[in-house]
Amino acid sequence: MKHVFLFGEREKRANYVEALESCGALVTVSQDTATAPDCQALLLPGGADMDPALYGAENQGSRGIDRQLDETELALCRAFAAQGKPILGICRGLQVLNVAFGGDLVQDLLTAASHCWLEDTGDQAHPVTAPEGSFLRLLYGEAFGVNSAHHQAAGRVAPCFTVAAQAADGVVEALAWPEKRIYAVQFHPERMTLRHRRPDTVDGRALFQFFLSQVG
């Protein structure tokens, strides 16, 4: 059974755990990173904004900052990458990965109204396009619908990553570093699968299956 580490509290990570376990994974959710080395892969979940100081910027719209969480997740992704273990970043997780390897973030998108979570309806949905060779294109085709719940995004992309999907307004929707088996998406596949399936997006479960297929 493929063993995935997820930092945090299990009850707050229930959607991720449900999706991974439905694909046959064993998931350890813990705030004790000492248990992480025993796992074969890392999932970096969604959450609040990172501290802009970590990518050399002043705060220009970032909120909900937890510097200790930022530093913990940065350390985790660098450690798993150094060990050659697969990583999947989701929403904030994409942003953490981009910062960890030398990129930066757009702190408040000019088109945030089209991407952010809405109080009345929750996640929005919009199409994205995956270039030829993208892991997402192999899973879902050239153009497909995803959910959306963010106001930040990757700005300068870290040199190790290629852009694996974009929205119509140019927002980076996925990154890939295939040589390291590191992948990230700006959308939330855990809210596009199982009991959360929705008719205006693809099935997020295929992405979790792909991630687990990368685990040796």
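Residues numbered from 1 in each chain as written. Predicted model: local features only at pLDDT ≥ 70, side-chain atom pairs only at ≥ 80, totals over all residues. Heavy atoms only, no water.

Caption draft 1: Region of the structure containing the overall build of the protein chain. Helix and strand counts for the protein chain come out as five helices and eleven strands. Here the C-alpha radius of gyration of the protein chain, 16 Å, is about what a compact globule of 216 residues would show, namely 17 Å. Looking at the protein chain as a whole, 54% of its 216 residues are labelled buried. Taking contacts inside the protein chain between residues at least 6 apart in sequence as the whole, the part at least 24 apart equals 65%. Looking at the protein chain as shown, the accessible area adds up to about 9,200 Å², and 50% of this sits on carbon and sulfur atoms. (Helix = DSSP H or I, 4+ residues; strand = E, 2+ residues; numbered from the N terminus. Rg over C-alpha atoms; globule rule 2.2 N^0.38 Å. Buried < 20%, exposed > 50% of the residue type's maximum accessible area, 1.4 Å probe, protein only. Contact = heavy atoms within 4.5 Å. Areas by Shrake-Rupley, 256 points an atom, 1.4 Å probe, with all protein chains shown as cover.)

Caption draft 2: Broad picture of the nonpolar core. Ranked by internal contacts, the top residues of the largest apolar core, which has 36 residues, are Leu20, Leu43, Phe135 and Leu136. For this core, the element with the most residues is helix α5 (residues 205–213), which contributes five residues. Once residues lying within four places of it in the same chain are set aside, the contact partners of Leu136 are Ala130, Gly141, Phe144, Ala164, Ala165, Ala174, Val185, Phe187 and Leu207. (Core = buried A, V, L, I, M, F, W, Y, C linked by side-chain atoms within 4.5 Å.)

Caption draft 3: Focus on helix α2 (residues 67–82). For α2, which comprises 16 residues, the first-to-last C-alpha distance of 22 Å matches the rise-based estimate of 22 Å (1.5 Å per residue) to within 8%. Every buried residue of α2 is listed here: Leu69, Asp70, Thr72, Glu73, Leu74, Leu76, Cys77, Phe80 and Ala81. Against the buried residues of α2 lie β1 (3–7), β3 (41–44), β4 (87–90), α3 (92–100) and β11 (182–185). A positive phi of about 70° marks Gly84, the residue just after α2. (Expected span 1.5 Å × (residues − 1).)

Caption draft 4: Expanded view of α5. For α5, the full list of buried residues reads Leu207, Phe208, Phe210, Phe211 and Leu212. Buried residues in α5 make contact with β1, α1 (14–22), β3, β4, α4 (135–140) and β11.

Caption draft 5: Spotlight on the pattern of salt bridges. Applying the stated criterion to the full structure yields 13 salt bridges. The salt bridge involving Arg191 is made with Asp123; its shortest N-O contact spans 2.8 Å. Separated by 68 residues along the polypeptide, Arg191 in the loop between β11 and α5 and Asp123 in the loop between β5 (105–106) and β6 (124–129) bring together distant segments of the chain. Assessed through its relative accessible area of 24%, Arg191 is described here as partly exposed. The class for Asp123 is buried, based on a relative accessible area of 13%. (Salt bridge = Lys/Arg side-chain N within 4 Å of Asp/Glu carboxyl O.)

Caption draft 6: Highlighting the side chain of Glu73. The residue Glu73 is located in helix α2 in this model. The buried category is assigned to Glu73, whose relative accessible area is 1%. Residues within four places of Glu73 in sequence aside, it is in contact with Leu44, Pro45, Arg92 and Val96.

Caption draft 7: The sheet that holds β4, seen in detail. Reading across from one edge, β2-β1-β3-β4-β11-β10-β9-β6-β7 is the order of the nine strands in this open sheet, with mixed pairing throughout. Whereas interior strands pair on both sides, the edge strands pair on one side only; in this sheet they are β2 (26–30) and β7 (143–148). The average angle at which neighbouring strand axes cross in this sheet is 25°, direction not considered. Relative to strand β10 (residues 172–177), strand β9 (residues 162–167) runs antiparallel, the two sharing four bridges. What sits directly across from Gln166, in β10, is Val172. The sheet contacts of α5 involve β1, β3, β4 and β11, and relative to β4 the element is tilted by about 155°. (Pairing = 2+ DSSP bridges. Axes fitted to C-alpha atoms, helices over the stretch in contact; angles between N-to-C directions.)

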